[in-house]
Amino acid sequence: MLFPRLPALPILVCCWLLPLVASMFPPGTAAVVRAAEPAWNQFRGPAADGHSRSQNLPTSWSETENIRWKTPVPGKAWSSPVVANNLVWLSNATEDGRRLSLVAVDAVTGEKRRDQTVFEVAEPMFCHPFNSYASPTPVTDGDRIWVHYGSAGTACIETASGNVCWQRQDLPCDHHRGPGSSPILFDNLLILTFDGFDRQYVVALDKRTGRTAWKADRSIDYGSDDGDFKKAYCTPTVLDHGGRLQLVSPAAVATIAYAPRTGKELWKVYHGGYNAAARPIYSHGLVIICTAGGDRLLAVRPEGTGDITATNVVWKFGKSAPTRPSQSVVGDHLYMVSDTGIFSCLDIATGEVRWSHRQSGRYSASLVESGGRLYACDEDGGCVVFQANPQRFDLLAKNRLAAGCMASPAVVDDDLLIRTKTHLYRIGKK
């Protein structure tokens, strides 16, 4: 039993019923998003690809320049900020994982509006020091926010009142090194990913009540009985390709696409590797999958059924591919930074390398794009801003804050939200 002092909590049935009106990007262009969502409502923003609607994010800052506000955030949590109703929301945790919380910060003033305990865990599972107990990023529709701490618990909370609509602590998984996969919304479903040491599955909950809608165990031949080689930390992406909705969910060794409303498996591609964390991208009719080990980085046509490894892999890139930072597509090119600071640009159609450039730094945060500029924040306080230029690495600015980033930046209006290991910043002109 994962939490011997905490019995599984029953679902608290909520009292509201609010259907979400759906709208999608055209097939072949972007991940599926919903028009009612706030600007930056989930990991990597509303389109799940790091693209900012603002074209005017700042390019230079320091501890004394272009800081609108700076708010301390005690604890240890690598989740990224999300925005709803002029509030910036952060999941948080104590370093020992005994208190799992939700923090709300006023987006205008930086004043902390809420610090709400969501779960108290008597005996937290082991978490590797590189990770945190609150690494999954929340997701919000504006009225509610869903926070997820892996198998330690998932909750739905009203943003205005702080009322807890429902909680679940009965979804088992031994993360072995701590949780990492973020929750996503699709229609009335909250989709969670559990790729742990002991079991691997994807589950969809009714976002209104928390009841399980479907559950799909991973049907992957891992080639090993060692659970360490079955772990992954990816966040899936929902896309529409040729009129077929797909939940593309990378795991260790393979990536599986499911029908998002039912959990039915559509296709599978084997690529090897484990501990993958980068979120897949859909662009130019291809799914870009980044793994830790194995093929490293590959482009797949999301068509057909069953095992499509032999027929639908368009290209592979094995050198200097990232493990944790998710990439961005600008124009016809894929831009990325590796964990060790190697920046690269690839032709998205062919996988051909246009350029590769080494910078110093260690990177976990995913790229953010604004107006053809890309932002790469490192683990030691630096942030490189470079132009999306397929001809060469085109450095625009190097910035530095007092502490580094494990979380990915978010966007509010024309400003950046950067969560470092110690503070939350709103960066922009006052």
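Before reading further, recall that the structure is shown in the block above.
Structural notes, computed from the coordinates.

Some thoughts on the overall build of the protein chain
And then number 1: Across its full length, the protein chain holds one helix and 33 strands.
And then number 2: In terms of overall size, the protein chain behaves like a compact globule, its C-alpha atoms giving a radius of gyration of 20 Å where 430 residues would be expected to give roughly 22 Å.
And then number 3: Principal-axis analysis of the C-alpha atoms gives the protein chain an extent of 55 × 55 × 40 Å.
And then number 4: Taking all contacts inside the protein chain whose residues are at least 6 apart in sequence as the whole, residues at least 24 apart take part in 55%.
And then number 5: As displayed, the protein chain offers around 15,400 Å² of accessible surface, 51% of which is attributable to carbon and sulfur atoms.

Structural notes on the sheet that holds strand 25 (residues 342–347)
And then number 1: Here we have four strands laid out as an open sheet, ordered 23-24-25-26, and antiparallel in their pairing. The open sheet has two free edges, formed respectively by strand 23 (328–330) and strand 26 (353–358), since each of these has just one partner strand. Averaged over all pairs of adjacent strands, the angle between strand axes in this sheet comes to 20°, irrespective of strand direction.
And then number 2: As judged from the five bridges shared by strand 24 (residues 333–337) and strand 25, these two strands associate in the antiparallel manner. Pairing of Val337 across the sheet is with Phe343, part of strand 25.

Topic: the nonpolar core
And then number 1: In this structure, Trp61, Tyr375, Leu416, Ile418 and Ile427 are the most contacted members of the largest nonpolar core, which totals 30 residues.
And then number 2: Among the elements of the structure, strand 1 (67–72), strand 3 (87–93), strand 4 (99–106), strand 28 (373–377), strand 29 (382–387), strand 31 (410–412), strand 32 (415–419) and strand 33 (423–427) are those that each provide at least two residues to this core.
And then number 3: Apart from the residues within four sequence positions on either side, Leu416 is in contact with Leu57, Pro58, Trp61, Tyr375, Pro409, Ala410, Val411, Tyr425, Arg426 and Ile427.
And then number 4: Grouped together as the second largest cluster of nonpolar side chains are 21 residues, Ala77, Ala104, Phe119 and Ala134 included.

Overview of the packing of aromatic side chains
And then number 1: Evaluated as defined, the whole model comprises 13 aromatic pairs.
And then number 2: Centre to centre, the rings of Tyr335 and Trp355 are 6.3 Å apart; their planes meet at 50°, and the pair counts as tilted. Of this pair, Tyr335 sits in strand 24 while Trp355 is found in strand 26, placing the two residues 20 residues apart along the sequence. Both residues of the pair, Tyr335 and Trp355, belong to the buried class.
And then number 3: Judged by relative accessible area, which is 8%, Trp355 ranks as buried.
And then number 4: Over the aromatic face of Tyr201 sits the side chain of Lys215, whose NZ or CZ is 4.5 Å from the ring centroid.

Topic: the environment of Asp187
And then number 1: Positionally, Asp187 belongs in the loop between strand 10 (184–186) and strand 11 (189–195).
And then number 2: Counting along the chain gives 19 residues from Asp187 to Asp206, while the straight-line C-alpha distance between them is 9.4 Å.

Digging into the sheet that holds strand 14 (residues 237–241)
And then number 1: Pairing within the open sheet is mixed, and its five strands lie in the order 14-15-16-17-21. Edge positions in the sheet fall to strand 14 and strand 21 (306–307), since each of these pairs with one other strand and no more.
And then number 2: As paired strands, strand 17 (residues 265–270) and strand 21 are joined by two bridges and run parallel to one another. Residue pairing across strands places Lys268 opposite Asp307, the latter belonging to strand 21.

A closer look at the layout of surface pockets
Where empty space is left in the structure can be found by rolling a water-sized probe over the atoms.
And then number 1: By volume, the largest pocket is sized at about 620 Å³.
And then number 2: Split into classes, the residues belonging to the lining of the largest pocket amount to eight nonpolar, 13 polar and four charged.

Section: the environment of Arg362
And then number 1: Structurally, Arg362 is set in the loop between strand 26 and strand 27 (368–370).
And then number 2: Judged by its relative accessible area of 43%, Arg362 is partly exposed.
And then number 3: Considered as a pair, Arg362 and Ile342 are 20 residues apart in the sequence and their alpha carbons are 9.5 Å apart.
And then number 4: Apart from the residues lying within four places of it in its own chain, the contact partners of Arg362 are Asp339, Asp378, Glu379 and Asp380.

What about the side chain of Ser182?
And then number 1: Turning to its location among the elements, Ser182 is positioned in the loop between strand 9 (164–168) and strand 10.
And then number 2: Of the polar contacts made by the side chain of Ser182, one reaches the backbone nitrogen of Thr137; its length is 2.8 Å.
And then number 3: Dropping the residues within four chain positions of it, Ser182 is found in contact with Phe43, Pro136, Thr137, Ile191, Thr235 and Pro236.

Focus: unusual backbone geometry
Excluding glycine, residues mostly have negative phi values, and the peptide bonds linking residues are mostly trans.
And then number 1: For Arg44, which is not glycine, the phi dihedral falls at a positive 75°.
And then number 2: Residue placement: Arg44 occurs in the segment before strand 1.
And then number 3: Non-glycine residue Asn85 carries a positive phi angle of around 55°.
And then number 4: Within the fold, Asn85 resides in the loop between strand 2 (82–84) and strand 3.

Rules and cut-offs
Residues numbered from 1 in each chain as written. Predicted model: local features only at pLDDT ≥ 70, side-chain atom pairs only at ≥ 80, totals over all residues. Heavy atoms only, no water. Helix = DSSP H or I, 4+ residues; strand = E, 2+ residues; numbered from the N terminus. Rg over C-alpha atoms; globule rule 2.2 N^0.38 Å. Contact = heavy atoms within 4.5 Å. Areas by Shrake-Rupley, 256 points an atom, 1.4 Å probe, with all protein chains shown as cover. Pairing = 2+ DSSP bridges. Axes fitted to C-alpha atoms, helices over the stretch in contact; angles between N-to-C directions. Core = buried A, V, L, I, M, F, W, Y, C linked by side-chain atoms within 4.5 Å. Buried < 20%, exposed > 50% of the residue type's maximum accessible area, 1.4 Å probe, protein only. Phe/Tyr/Trp six-rings, centres within 6.5 Å; stacked < 30°, edge-to-face > 60°. Lys NZ or Arg CZ within 6 Å of the ring centre and 35° of its normal. 1 Å grid on protein atoms, 1.4 Å probe; cavity = no way out; pocket = protein on both sides within 12 Å on 5 of 7 lines; lining within 4 Å. Points joined across faces, edges and corners; volume = space filled by probe spheres on them. Nonpolar A, V, L, I, M, F, W, Y, C, P; charged D, E, K, R; others polar. Polar contact = N/O pair within 3.5 Å; in protein donor to acceptor, adjacent residues only side chain to side chain.

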